Amino acid sequence: MNIIIPGLRNSDENHWQTIWENENPEEFFRIVQSDWENPNCSEWTSRIEEELKEFNYDELVLIGHSVGCVTIIKWFEKYGHKVKGALFVAPSDVDKPGYPKYITGFNPMPENKLPFPTIVVASSNDHVVEIERARLFAKNWGSEFVELKNAGHIESKSGFGKWDFGLKLINRIEEQTANPV
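Residues numbered from 1 in each chain as written. Predicted model: local features only at pLDDT ≥ 70, side-chain atom pairs only at ≥ 80, totals over all residues. Heavy atoms only, no water.

Description of the overall build of the chain
Stage number 1. In terms of helices and strands, the chain carries 5 helices and 6 strands.
Stage number 2. N-terminal to C-terminal, the α/β element order of the chain is β-α-β-α-β-α-β-β-α-β-α.
Stage number 3. Principal-axis analysis of the C-alpha atoms gives the chain an extent of 40 × 35 × 35 Å.
Stage number 4. Each of the 181 residues in the chain was classed as buried or not, and the buried ones make up 51%.
Stage number 5. The long-range share in the chain, meaning contacts at least 24 apart out of those at least 6 apart in sequence, stands at 74%.
Stage number 6. Summed over its atoms, the accessible surface of the chain is roughly 8500 Å², and 47% of this surface lies on carbon and sulfur atoms.
Stage number 7. Distance between charge centroids for the chain: 5 Å, based on 19 positive and 28 negative side chains. (Helix = DSSP H or I, 4+ residues; strand = E, 2+ residues; numbered from the N terminus. Buried < 20%, exposed > 50% of the residue type's maximum accessible area, 1.4 Å probe, protein only. Contact = heavy atoms within 4.5 Å. Areas by Shrake-Rupley, 256 points an atom, 1.4 Å probe, with all protein chains shown as cover. Lys, Arg positive; Asp, Glu negative; His and termini not counted. Charge placed at Lys NZ, Arg CZ, Asp CG, Glu CD.)

Pasting the structure below:
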């Protein structure tokens, strides 16, 4: 099962996360937060914990976008559930100067290596994270790093609808767990 963890303001109807969920509801499940406008780390990680209790963690690939990426890692740090893998798309840099004050409790940015396969996807011109910071996050977390050129924040406003390449990255994570090195 693929678990969708959106960022600030959720993912609109034209966002790749929503399209994947709508086209394959048996394969994708969205974590719905109570407050999409004011992300709070404690509340968001608690919601993930509550929602995922019904699943077998070993079978889950978590798919985060923006602050949803950091939420996944903070959830793992708090609850310790090892999952099949995670795809981090356009991770929000919660330590960036000027980061919105209404997004609370997510800093400092996690730096520990994760014990499951992960891929970080970042854009060369994302206003939320500098490409070099995204590379550092991938290195720290033990993630494969994928750079997209001029892809903005990798969301619907940046022209990302269905985004088949993202689905291929999920398959890559699945293959890594099926054939560990």
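Focus on the packing of helix α2 (residues 41-52) against helix α3 (residues 67-79)
Stage number 1. Taken N-terminus to C-terminus, the directions of α2 and α3 make an angle of 70°; their axes are 9 Å apart at the nearest point. With respect to each other, α2 and α3 are oriented roughly perpendicular. Along the contact surface, α2 presents Cys41, Ser42, Trp44, Thr45, Ser46, Ile48, Glu49 and Leu52, while α3 presents Val67, Thr71, Lys74, Trp75, Lys78 and Tyr79.
Stage number 2. For the contact of α2 with α3, the class distribution of residues is 7 nonpolar, 4 polar and 3 charged. (Axes fitted to C-alpha atoms, helices over the stretch in contact; angles between N-to-C directions. Parallel < 35°, antiparallel > 145°, perpendicular 65-115°, else oblique. Nonpolar A, V, L, I, M, F, W, Y, C, P; charged D, E, K, R; others polar.)

Thoughts on the nonpolar core
Stage number 1. Grouped together as the largest cluster of nonpolar side chains are 36 residues, with contacts concentrated most on Leu52, Leu62, Trp75, Phe88, Phe106 and Trp141.
Stage number 2. Among the elements of the structure, β1 (2-5), α2, α3, β4 (85-89), β5 (118-123) and α4 (131-141) are those that each provide at least two residues to this core.
Stage number 3. Element by element, the count of residues in this core is highest for α3, at 7 residues.
Stage number 4. Counting 20 residues, the second largest nonpolar core, distinct from the first, contains Ile63, Ile119, Leu148 and Ile170. (Core = buried A, V, L, I, M, F, W, Y, C linked by side-chain atoms within 4.5 Å.)

Regarding the sheet that holds β4
Stage number 1. Taking strand neighbours across the sheet as the criterion, the 6 strands line up as β2-β1-β3-β4-β5-β6 in an open arrangement whose pairing is parallel. Of all the strands in the sheet, the pair left with one neighbour each is β2 (28-30) and β6 (144-148). Each neighbouring strand pair of the sheet contributes to a mean axis angle of 20°, computed without reference to strand direction.
Stage number 2. Two elements, β5 and β6, share 5 bridges in a ladder whose sense is parallel. Of the residues in β6, the one forming a bridge with valine 120 is phenylalanine 145.
Stage number 3. Lying on the sheet, α3 is in contact with β1, β3 (61-65) and β4; it crosses β3 at an angle near 135°. (Pairing = 2+ DSSP bridges.)

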